[in-house]
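Spelled out, the chains give:
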Amino acid sequence: MLFIRHFERFSERAYRQGKAGGYLHVYIGMEALAVGWLTQIRQGYDYVITAYRDHAHALLLGSDPVACMAEIMGRRGGLSRGKGGSMHLYDIPRGFFGGWGIVGGHTPLGAGLAFASKYRGEDRVTLNFLGDGAANAGVFFESLNMAALYEVPCIFIIENNEFAMGTRLEYHAADTELHKRGYPFGMKHERLDGMDLLQVRQDAKRIIDWVRENQKPYLVEVMTYRFVGHGAADNDQTLYRTKDEVESARQRDPIALLMDYLTSNNLMTREKIEAIDAETEAEAERVYEEADDSPHPDPSEVYDDVYSDMTPEVGH
Amino acid sequence: MPTIEMTYRDAVRQAMVEEMDANPDVFLMGEDIGRYRGTFRVTEGLYDKYGVEKNDFIVPGIARRVVDTPIVEPGIVGFAIGAAMVGLRPIVEMMTMSFSILALDQIINHAAKIHYMTAGQAKVPLVIRGPGGAANQLSAQHSHSVEGWYAHVPGLKVVAPATPACAKGLLRTAIRDDNPVIFTENPGLYGIKGDVPEDREFSIPFGKARIARQGTDLSLIAYSRMVHVCLAAAEQLAERGISAEVVDVRSLLPLDTETIFASVAKTHRAVVVYEDWKNGGYGAEIAARIAEECFDDLDAPVGRVGGLNVPMPYSRVLELECIPNADDVLAAVNKIA
């Protein structure tokens, strides 16, 4: 969690310093959610897909942090050699299928991944992450129906950070209990906490085990909160929330909650935690510097990988 | 090469059967393609062949390899993309290509860009096939030719065969291709017959046009059903002593400009014919390329015949008015002759 937090701060720095362009969405405040779920799967075997707030997912699945940061900076050393960017991280050998920018658009892909594993008689589970904004998309409902109809082992995980960009949950969803989206399709569904890491891990394990065993889909709504703007370009959060609200949410900062647990149970001293924090921050800085050393792509690479077997016509 | 006569519909079906037999990763998805046998009966018999063996069920009533879907084009295509990203080879039947408009986000914003966005980590061996173009009084929302929209998109391949042999050979290539392929079948072609090679490996590479009729005086350039319209026009021109060459483009993306330009270099006149709306259709792209690259060969401006720029009307009289026919081609030829 600490590494993700520091990595994301350096992602924001990359944006501020003009080393990352476009859109960039960081995971600060939501770390326990991805950590809790992605540490409970069989990494490299199970499939994971998410939307554009995707840095944490890649890091947790074991992607090289330098390749992640280099991709965010659009460099040749990036996971997609600078073709994807922050929103489109992929590490397919590790079971990470992105990294998608159309709200709700990737949700049927996740169901299709799960269909493929069922088709082949494997016992993989697919974690299909989406935001609360995507929970209103038509194609998401189509995906839920098909996943339930074909009984595929897919867990739809709504990361409910209470805002669809700058629009509060109450203003974008007629029913704010998003887990109920599973009900009309006969799908098991529940709302869970996403801030207390130990609780998240327990819930994740229980549900992943159930889906692997029963080979049926599941829908969870995990309650979380982002402490930062929607994206790095979102520079006026007062348009949709107050400072007091953010401060109050920070009372349940997942990292602080875990530190309190560790210290109050005498599992780790405050000094030790601070030492780890400093070490982790230094590691994130090293990643940042190393990624920044990666060269920009050569202009001639622009035609690579449009097709697997041919080059498109060249020239303007 | 020994051949057998069959309809275009049967040729499409046979290519799917042979590839499903050859590769267990190939499977079909679509609306009413299984138990109902397909709206145009292209998938007739496949549910019985691939859907009913006990081991082929994933849940009771759902066949594994011939998957009846809900009527949700974005969901179907997205689902197929996901399966394709891990190596299955889905063939999605669109009940009509007009309905694929619902799935444009999945096709253009997802399928076409995955290989690029992942820098080659993921492939999408997906075929989207089905009837494209006007049938018989299906009116405004079921009659559109959308192949030109797809041929605009890097990352997709687009083919539009005109004969049973081309349909079979190109569909085999499409199924074996590791990139998303749009395969459009004009509904007016399903019943036409032609000789098709029996060889189970017979295939036609993408990006190779076909000379459907040799000629010396002008080039008629078309794809899909309009090839037959051009052949009829060429027949009438021959009676007037004009020798028209008919180029069957077959593959829109990649496009075989070499064959097209060679024909124009020989005849010095060209008319491009397409059923899609004339304004901004793919025929306009072909015409532009000829104008750009063959200026010195041309004795006249490039002619163009397209569908009328109106939504397809229901009335048969009005519908026939919209779809280019041999007379329309002759009128265009007269303008440049």
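Residues numbered from 1 in each chain as written. Chains lettered and ligands numbered in written order. Predicted model: local features only at pLDDT ≥ 70, side-chain atom pairs only at ≥ 80, totals over all residues. Heavy atoms only, no water.

**With respect to the interface of chain A and chain B**
Condition: By definition in these notes, contact holds between two residues if any of their heavy atoms fall within 4.5 Å. Summed over both partners, the accessible area lost on bringing two parts together, with a 1.4 Å probe, is the buried area. Just to be clear on terms, a salt bridge is a Lys or Arg side-chain nitrogen sitting within 4 Å of an Asp or Glu carboxyl oxygen.
Taken together, the contact pairs 43 residues of chain A with 52 residues of chain B. Each partner contributes to the roughly 4,000 Å² buried at the junction of chain A and chain B, and carbon and sulfur atoms together form 66% of this total. Across the chain A-chain B interface, the total number found is three salt bridges. A salt bridge links Arg120 of chain A to Asp25 of chain B, with the shortest nitrogen-to-oxygen separation between them at 3.6 Å.

**Let's talk about the sheet that holds strand S11 (residues 210-213) of chain B**
Residues and elements named next belong to chain B. Stated formally: Pairing between strands is defined by DSSP: at least two bridges between them are needed. Here a helix means four or more residues in a row that DSSP labels H or I, a strand means two or more in a row labelled E, and each is numbered from the N terminus. Only the stretch in contact is used when a helix axis is fitted, and all axes are lines through C-alpha atoms; the angle between N-to-C directions ranges over 0 to 180 degrees.
Strand order in the open sheet formed by five strands is S11-S13-S12-S15-S16, and the pairing between neighbours is mixed. Lying at the two open borders of the sheet, with one neighbouring strand each, are S11 and strand S16 (303-307). Strand-to-strand twist across the sheet, computed as the mean angle between neighbouring axes with direction ignored, equals 25 degrees. The sheet contact formed by strand S15 (residues 270-277) and S16 spans four bridges and is parallel. Considered in S16, the bridge of Val273 is made with Val305.

**As for the domain arrangement of chain B**
Residues and elements named next belong to chain B. The following threshold applies: Each domain's extent is set by a domain assignment, obtained either automatically or from a database. As used in this structure description, the phrase polar contact means that two N or O atoms lie within 3.5 Å; if the pair is within protein, one of them must be able to donate a hydrogen and the other to accept it, and residues adjacent in sequence are counted only when both atoms belong to side chains. Ten residue types, Ala, Val, Leu, Ile, Met, Phe, Trp, Tyr, Cys and Pro, are classed as nonpolar, four, Asp, Glu, Lys and Arg, as charged, and the remainder, Gly among them, as polar.
For chain B, the assigned domains read domain 1 (3-197) and domain 2 (210-336). For domain 1 versus domain 2, the separation of C-alpha centres amounts to 27 Å. Of the residues lining the interface, 31 residues belong to domain 1; the matching set on domain 2 comes to 24 residues. When the two sides are added together, the surface that domain 1 and domain 2 hide from each other amounts to roughly 2,200 Å², 59% of it contributed by carbon and sulfur. Linking domain 1 to domain 2 there are zero salt bridges. Summed over the shared surface of domain 1 and domain 2, the number is 11 residue pairs in polar contact (both at pLDDT 80 or more). The element contributing the most residues to the side of domain 1 that touches domain 2 is helix H6 (residues 147-150), with four residues. Its residues assigned to classes, the side of domain 1 that touches domain 2 shows 18 nonpolar, 11 polar and two charged.

**A word on empty space enclosed by the protein**
All names here are of chain B. To keep it simple, the criterion reads: Of the grid points, spaced at 1 Å and generated over the protein atoms alone, those admitting a 1.4 Å probe that cannot get out make up cavities, while open sets with protein on both sides within 12 Å along at least five of seven lines make up pockets; any residue with an atom within 4 Å of a point is treated as lining. Grid points are joined across faces, edges and corners, and a volume is the space filled by probe spheres set on the points.
One pass over the full model with this rule turns up three cavities of 30 Å³ or more. Looking at the largest cavity, its volume works out to about 130 Å³. Sorting elements by how many residues they give to the lining of the largest cavity places S15 first, with three residues. Considering only residue class, the lining of the largest cavity consists of seven nonpolar, four polar and two charged. Here the lining of the largest cavity spans two domains, since at least three of its residues come from each of domain 1 (3-197) and domain 2 (210-336). Counted as a void, the second largest cavity has a volume near 80 Å³. Around the second largest cavity sit Gly132, Gly133, Ser145, Glu147, Ala160, Thr184, Asn186, Tyr223, Ser224, Arg225, Met226 and Glu275, which together line it. Looking at side-chain class alone, the lining of the second largest cavity contains three nonpolar, six polar and three charged residues. Here the lining of the second largest cavity spans two domains, and each of domain 1 (3-197) and domain 2 (210-336) adds at least three residues to it.

**Topic: the sheet that holds strand S8 (residues 218-223) of chain A**
Consider a sheet: its strands pair through backbone hydrogen bonds, and that pairing is either parallel or antiparallel. All names here are of chain A. On the basis of which strands lie adjacent, the open sheet formed by six strands has the order S2-S1-S3-S4-S8-S7 and parallel pairing. Pairing within the sheet leaves two strands with one partner each, and these edge strands are strand S2 (96-99) and strand S7 (188-193). Direction aside, neighbouring strands of the sheet carry axes that sit 15 degrees apart on average. Pairing of strand S3 (residues 126-131) with strand S4 (residues 154-160), which is carried by six bridges, proceeds in the parallel orientation. When the sheet's bridge partners are listed, Phe129 is paired in S4 with Ile157. Most of the contacts of helix H5 (residues 107-119) go to S3, to which it runs at about 175 degrees, and overall it touches strand S1 (47-50), S2, S3 and S4. Set on the sheet, helix H8 (residues 197-214) makes contact with S3, S4, S7 and S8; between it and S7 the angle comes to about 165 degrees.

**With respect to unusual backbone geometry**
The general pattern is negative phi for most residues beyond glycine and trans for most peptide bonds. Condition: Burial status follows relative accessibility: with a 1.4 Å probe on protein chains alone, a residue under 20% of its type maximum counts as buried, one over 50% as exposed, and anything between as partly exposed.
With omega at 0 degrees, the peptide bond leading from Gly98 of chain A into Gly99 of chain A counts as cis. Along the polypeptide, Gly99 of chain A turns up in strand S2. Cis geometry is adopted by the peptide bond preceding Pro254 of chain B, which originates at Leu253 of chain B and carries an omega value of 5 degrees. Secondary-structure assignment places Pro254 of chain B in the loop between strand S14 (251-253) and helix H9 (257-267). The backbone of Gln215 of chain A shows a phi angle near 50 degrees, a positive value even though the residue is not glycine. Even without being glycine, Arg250 of chain B reaches a positive phi, approximately 65 degrees. Looking at where Arg250 of chain B falls in the secondary structure, it is placed in the loop between strand S13 (244-248) and S14. Relative accessible area serves as the criterion here: at 9%, Arg250 of chain B is assigned to the buried category.

**Examining the environment of Asn325 of chain B**
Tracing the chain through its elements places Asn325 of chain B in the loop between helix H11 (316-322) and helix H12 (326-336). Once the C-alpha coordinates of Asn325 of chain B and His228 of chain B are considered, the two residues, 97 residues apart in sequence, prove to be 9.5 Å apart.

**A closer look at helix H6 (residues 138-149) of chain A**
Residue and element names in this part refer to chain A. Note the cut-off: By this rule the span expected of a helix is its residue count minus one, scaled by 1.5 Å.
Compared with the 16 Å implied by 1.5 Å per residue over 12 residues, the 17 Å span of H6 between its first and last C-alpha is a close match. Those residues of H6 that fall on the buried side of the exposure criterion are Val139, Phe140, Glu142, Ser143, Leu144, Met146, Ala147 and Ala148. Just past H6, the residue Glu151 takes up positive phi, approximately 50 degrees.

**Topic: the packing of aromatic side chains**
Filter applied, for reference: Between 30 and 60 degrees the pair is tilted, below 30 it is stacked and above 60 it is edge-to-face, where a pair is any two Phe, Tyr or Trp rings, Trp via its six-membered ring, whose centres lie within 6.5 Å. Charge-over-ring placement is defined geometrically: NZ (Lys) or CZ (Arg) within 6 Å of the ring centre, and within 35 degrees of the ring normal.
Applying the stated rule across the entire model yields 18 aromatic pairs over all chains. Note on Phe115 of chain A and Tyr150 of chain A: the rings are 6.1 Å apart at their centroids and 65 degrees apart in plane angle, and the pair reads as edge-to-face. One end of the pair, Phe115 of chain A, is in helix H5; the other, Tyr150 of chain A, is in the loop between H6 and S4, and 35 residues separate them in sequence. A single burial state applies to Phe115 of chain A and to Tyr150 of chain A, both of which are buried. Note on Phe163 of chain A and Tyr225 of chain A: the rings are 6.1 Å apart at their centroids and 75 degrees apart in plane angle, and the pair reads as edge-to-face. Pair noted here: Phe163 of chain A is in strand S5 (residues 163-164) and Tyr225 of chain A is in the loop between S8 and helix H9 (243-250), with a separation of 62 residues, a long-range link. Each member of the pair Phe163 of chain A and Tyr225 of chain A is classed as buried. By way of ring pairs, the aromatic residues Phe115, Tyr119 and Tyr150 of chain A together with Phe27 and Phe79 of chain B are connected into one cluster. Note that Arg13 of chain A overlies the ring of Tyr288 of chain A, its terminal NZ or CZ placed 5.8 Å from the centroid. When the ring centre of Phe163 of chain A is taken as origin, the NZ or CZ atom of Arg241 of chain A, which lies over that ring, is 5.5 Å away.

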